[in-house]
Each structure stands twice: as structure tokens, then as C-alpha cells.
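Inside the fold
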Amino acid sequence: MNDVAKVLVVDDDQMMRDFAARALRSLGYSSVTAADAAAALRVLEEDRLVGILIIDLRLKKGEAGAQLAREAFAIRPDIRVLLTSGDPVALQFAQRDMPQHVELLPKPFRRHDLEERLSRLQ
């Protein structure tokens, strides 16, 4: 296992959550998943080991990924965030409203891309 905190993957697409969880496991990370912002916030409140969030910007149910990131920062100011999206323009707009240390990862991504972005967050 890495010495880093657990990763919470938030994506409404089950295949993306499964892919990210497998990729994280292969990289030595512990992870949990959530399908929407409400579930992700519950995990954040209950699991103090979560230190990294991977959030899809376009969550279909509930609030958007950028809003979830802002709420996560309010709960845990030291949380690290990686925003993902298949829409590069949406990623650029989201970055404007986020702290400078937030990383972006365009979809579709590969295991190597995920590994690179996670290394920047540590």
C-alpha cells in the first residue's frame, strides 16, 4: 500500500468507478466509490482515511462535481481533488473556480494517466 490516504472515486458511471477502483488497486491505493455527491459526502463524514477525491464533473444525480469539490473542501480543507470529465472545456471552466492544487484528468484516461495525476497531488 502507498503511504497516502484512501481515494474516494465519485462517478455516476459504474464502469468508470470499477475501472478507477481496479487501477487504484493496481497502483497500491485503497479506494471506495460513490455514485453521486450525497453518497460521497456521507463517505467523507464517516471515513477519515479518505484524503483524495476523484470526481467526475458531470454527475447526473444531485449536484455537480465542482460543487461537491467545494463542499469537500469545506468539510476537509486538506483534501486533495482530481476532477475528471470527457468535456475538456468543462474541465477548464471548473479549474477557474478551484484552488490551484486541484488536478484535472480528461476522460477517457488510462491507468498511467491516473498514476501521473495522483503523484502530483502528493
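In every chain, residue numbers begin from 1 and rise along the written sequence. Residue-level local features of this predicted model are given only where pLDDT is at least 70; pairs of side-chain atoms are given and counted only at 80 or more, and the full residue set underlies all totals for whole chains, interfaces and linings. Values reported for side chains reflect all heavy atoms of the structure, with hydrogen atoms and water molecules removed beforehand.

**With respect to the sheet that holds strand β2 (residues 31-34)**
Pairing between strands is defined by DSSP: at least two bridges between the two strands are required. Each helix is a run of DSSP H or I of at least 4 residues and each strand a run of E of at least 2, with the numbering of both proceeding from the N terminus. The sheet built from five strands is open, its strands ordered β2-β1-β3-β4-β5 with parallel pairing. Looking at strand neighbours, the two that pair on one side only are β2 and β5 (103-106), the edges of this open sheet. On average, each strand axis in the sheet is inclined to that of its neighbour by 20°, with strand direction left out of account. Where strand β4 (residues 80-85) and β5 come together, four bridges link them in parallel fashion. Counterpart to L82 in the pairing with β5 is E103. Contacts are assigned to residue pairs with any non-hydrogen atoms lying within 4.5 Å of each other. Geometry is summarised by axes, namely lines fitted to C-alpha atoms with helices restricted to the contacting stretch, and by angles between N-to-C directions that run from 0 to 180 degrees. On the sheet, helix α2 (residues 37-46) packs against β1 (6-10), β2 and β3 (50-56) and is oriented at approximately 165° with respect to β1.

**Regarding the packing of α2 against helix α3 (residues 65-75)**
Taken N-terminus to C-terminus, the directions of α2 and α3 make an angle of 15°; their axes are 11 Å apart at the nearest point. In terms of orientation, α2 lies roughly parallel with respect to α3. Like other packed secondary-structure pairs, α2 and α3 cross with a definite hand, here right-handed. Of the residues in α3, those in contact with A37, A40, L41, L44 and E45 of α2 are L68, E71, A72 and I75. Broken down by class, the residue content of the contact of α2 with α3 amounts to seven nonpolar, no polar and two charged. With respect to orientation, any angle under 35 degrees is reported as roughly parallel, any angle over 145 as roughly antiparallel, any angle of 65 to 115 as roughly perpendicular, and every other angle as oblique. Rotating anticlockwise by less than a right angle from the far helix to the near helix defines a left-handed crossing, while the corresponding clockwise rotation defines a right-handed one. In this count, Pro and Cys sit with the nonpolar residues alongside Ala, Val, Leu, Ile, Met, Phe, Trp and Tyr, while Asp, Glu, Lys and Arg are called charged and the others, Gly among them, polar.

**Some thoughts on the environment of R117**
Inspection of the secondary structure assignment puts R117 in helix α5 (residues 111-121). A residue is classified by how much of its surface remains accessible, and R117, at 15% relative accessible area, is buried. Taking C-alpha positions, R117 is 26 Å from E46, a pair spaced 71 residues apart along the chain. For R117, the residues in contact, after removing those within four places along its chain, are L82, E103, L104, L105 and P106. By the criterion applied in these results, polar contacts are pairs of N or O atoms within 3.5 Å in which, for protein atoms, one can donate a hydrogen and the other can accept it, and in which residues neighboring in sequence qualify only through two side-chain atoms. A distance of 2.9 Å separates a polar side-chain atom of R117 from the backbone oxygen of L104. Three exposure classes are used, based on accessible area relative to the maximum for each residue type with a 1.4 Å probe and protein chains only: buried under 20%, partly exposed in between, and exposed over 50%.

**Some words on the pairing of β2**
Across four bridges, the pairing between β1 and β2 is parallel. Within β2, the position partnered with L8 by the bridge is V32. Whether a crossover is right-handed comes down to one check: with the strands pointing away from the viewer, does the path from the first strand over the helix to the second run clockwise; if it does, it is right-handed. The parallel pair β1 and β2 is bridged by helix α1 (residues 14-26), and the resulting crossover is right-handed.

**Re the packing of α1 against α5**
Running from N to C, α1 and α5 point in directions that differ by 65°, and their axes come no closer than 10 Å. When the axis of α1 is compared with that of α5, the two are roughly perpendicular. Relative to α5, the crossing made by α1 is right-handed. Across the interface between the two elements, F19, A20, A23, L24 and S26 from α1 touch R111, L114 and L118 from α5. Here the contact of α1 with α5 is built from residues that sort into six nonpolar, one polar and one charged.

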